Amino acid sequence: MNRKWWHGKVAYQVYPKSFCDSNGDGIGDLKGIISKLDYLKDLGVDIIWLSPCYVSPLADQGYDIADYYNIDPRFGTMADMETLIAEAKKRDIGILMDLVVNHCSDEHEWFKKACADPDGRCGKFFYIEKRRPDGSLPCNWRSCFGGPVWDKLPGHDDLYYLHTFHKKQPDLNWENPELREEVYKMMNWWLDKGLAGFRIDAIINIKKVLPFKDYPADRSDGLSSTASMLKEQTGIGAFLGEMRDRTFKPHNSFSVGEVFDEKPEEIPEFIGDNGYFSSMFDFSETVFGRSPLGSYADSGITPDDYKRCVFQTQWQIGDIGMISNIIENHDESRGVSRYIPEGDVTPTSKKMLAALYFLLKGLPWIYQGQEIGMENISFDSIDEVDDISTIDSYRVARAAGLSEKEALRAVEKSSRDNARTPFQWDGSENAGFTTGKPWLRVNPNYTEINLADQKDDPDSVFNFYRQLTRLRKNPDYQETLTYGRLVPYLEDRHNVMAYLRQSESQSILVMGNFQKEPQILPLPSVPKKILLNNLHDLKLDSENVTLDGYQVIVAEL
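Okay, so let's go over this structure. Just so we're clear, the structure is a prediction, and the values are computed from it rather than from any experiment.

### Overview of the packing of helix α12 (residues 347–358) against helix α17 (residues 461–473)
Reasoning step 1: Relative to each other, α12 and α17 sit at 20°, their axes nearing to 10 Å. Comparing the axis directions of α12 and α17 gives the class roughly parallel. Along this stretch, α12 crosses α17, giving a crossing that reads as right-handed. Of α17, the residues touching α12 (which contributes Pro 347, Lys 350, Lys 351, Ala 354, Ala 355, Tyr 357 and Phe 358) are Val 461, Phe 464, Tyr 465, Leu 468, Thr 469 and Arg 472.
Reasoning step 2: In terms of residue class, the contact of α12 with α17 is made up of nine nonpolar, one polar and three charged.

### Let's talk about the pairing of strand β14 (residues 322–325)
Reasoning step 1: On β14, burial covers both faces: Met 322 and Ser 324 on one face and Ile 323 and Asn 325 on the other are all buried.
Reasoning step 2: Summarising the sheet, strand β13 (residues 279–281) and β14 pair through three bridges and their orientation is parallel. Each bridged residue has a counterpart across the sheet, and for Met 280 the counterpart in β14 is Ile 323.
Reasoning step 3: Strand direction decides the pairing type here: β14 and strand β15 (residues 363–367), joined by two bridges, are parallel. Residue pairing in the sheet places Ser 324 in a bridge with Leu 363 of β15.

### What about the pairing of strand β22 (residues 544–547)?
Reasoning step 1: With four bridges connecting them, strand β19 (residues 519–522) and β22 associate as antiparallel partners. Residue Ile 520 lies in a different strand from β22, and its bridge partner there is Thr 546.
Reasoning step 2: Bridge analysis of strand β21 (residues 539–540) against β22 gives two bridges, and the strand direction is antiparallel. In the strand pairing of β22, Lys 539 is matched with Thr 546.
Reasoning step 3: Taken together, β21 and the strand that follows it, β22, pair antiparallel across an intervening segment of three residues.

About the criteria used
- Residues numbered from 1 in each chain as written.
- Predicted model: local features only at pLDDT ≥ 70, side-chain atom pairs only at ≥ 80, totals over all residues.
- Heavy atoms only, no water.
- Axes fitted to C-alpha atoms, helices over the stretch in contact; angles between N-to-C directions.
- Helix = DSSP H or I, 4+ residues; strand = E, 2+ residues; numbered from the N terminus.
- Parallel < 35°, antiparallel > 145°, perpendicular 65-115°, else oblique.
- Left-handed = near helix turned anticlockwise from the far one by under 90°.
- Contact = heavy atoms within 4.5 Å.
- Nonpolar A, V, L, I, M, F, W, Y, C, P; charged D, E, K, R; others polar.
- Buried < 20%, exposed > 50% of the residue type's maximum accessible area, 1.4 Å probe, protein only.
- Pairing = 2+ DSSP bridges.

Have a look at this one:
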């Protein structure tokens, strides 16, 4: 692949509302992020992705944008954003903003004008339809947050607008070239301000199968997931290629797509040398085990399942481009609570999981709090939940016959609120996140899991992440860990995840024991040097290594 400026970087996602509150109103803000830039630089971060901080009614926590050209006062001002970009640049850190253009907010000027004049210019920016002759809605698709994708257009009893997500998130009509021009103008305005690029939200959804039609119902509500439509979708490349050529390419910017349901044969088009995006996230392990019936019926994921998902993606990508590797983000539960078996979540197992994903081929992403091992939170009542997706999942679970307690336990495992609790800076009140009342409950374990306790502890999860970022950037190993091929090792061994990163002149072994019982494992060759070990002891001879429970080693062979 052609080498790019962002290869070999470490990326970090900030969820602004929960990161750091500078003014005591209980909501994280841009000045709070600015105050932590030196912390992120010390961690080893080169790229920061900000979840949305545009003007928004926050029906979906900012992913419903009412004004693409202004910062929501909750988070600060445009001057604060310009300062953040400039201060980050001084530290060789690039800022990415979230690009949410499958939909906007129903409070956006475009949608207000569409309601006033559905046949006018802005009316054509959206999908506005009448009921079918038989009285049914234009199609039977289910919104990602429950219920039909169609709602009455305000002020018009005979017209309906499409929203594949929340009803306050009307879908934008990408078939309309005027709409696309508005999007590109906005993107270039931000890139001209000095953004390093964008993370692109829900981008696969911008292309609909038209004309609208029904798909077989997959639940008792008679509706069908939009995934059925996306499987038939073709032609999205015309939109994405145009976006690339009009925005990313002229600015040499970085772009990472939230891409679901892509077809394997399309991967070169998405992230090849002339791909639509610089990179896209690997979601294979995050969606594994999910049930179309709802999260209450999810099957979970075992260590062997996790390994197979990761290796399958690595095999599919090969040398086509750079995948973006995660264990969590703002839309997922905490990775240590999902991928480590229940009861085995410890600092040791957290470090093992960190090493296994962080040294894969591709771009490693850290989600805020992941570097200190933040965990899922428990709910005592559905009333404690903020996330609209979790609330809908709870409703679906109750409709399926689960008791209140059973439904709550079922949905809390996958709730997006798990990742949105405030960052745990220290053991003081509200975890040092705010001097006011936090907008979302702080995880009660903040007195045991916080940055202040870990920062000066050489054996902490935080300092293990610092070792990982430094290893990836070490000139002695950077070439191999950035561009070297990935070769699975002991692929069929139960509860073992191991692989080699190989270049022409070097071979690095990453090997983890994904269980609490020790395992004796054969070595491919005698290690020259142990580069990382999450435990102090190591039992090693010329042929075998004995790994204790959740021990991981990184060795130069």
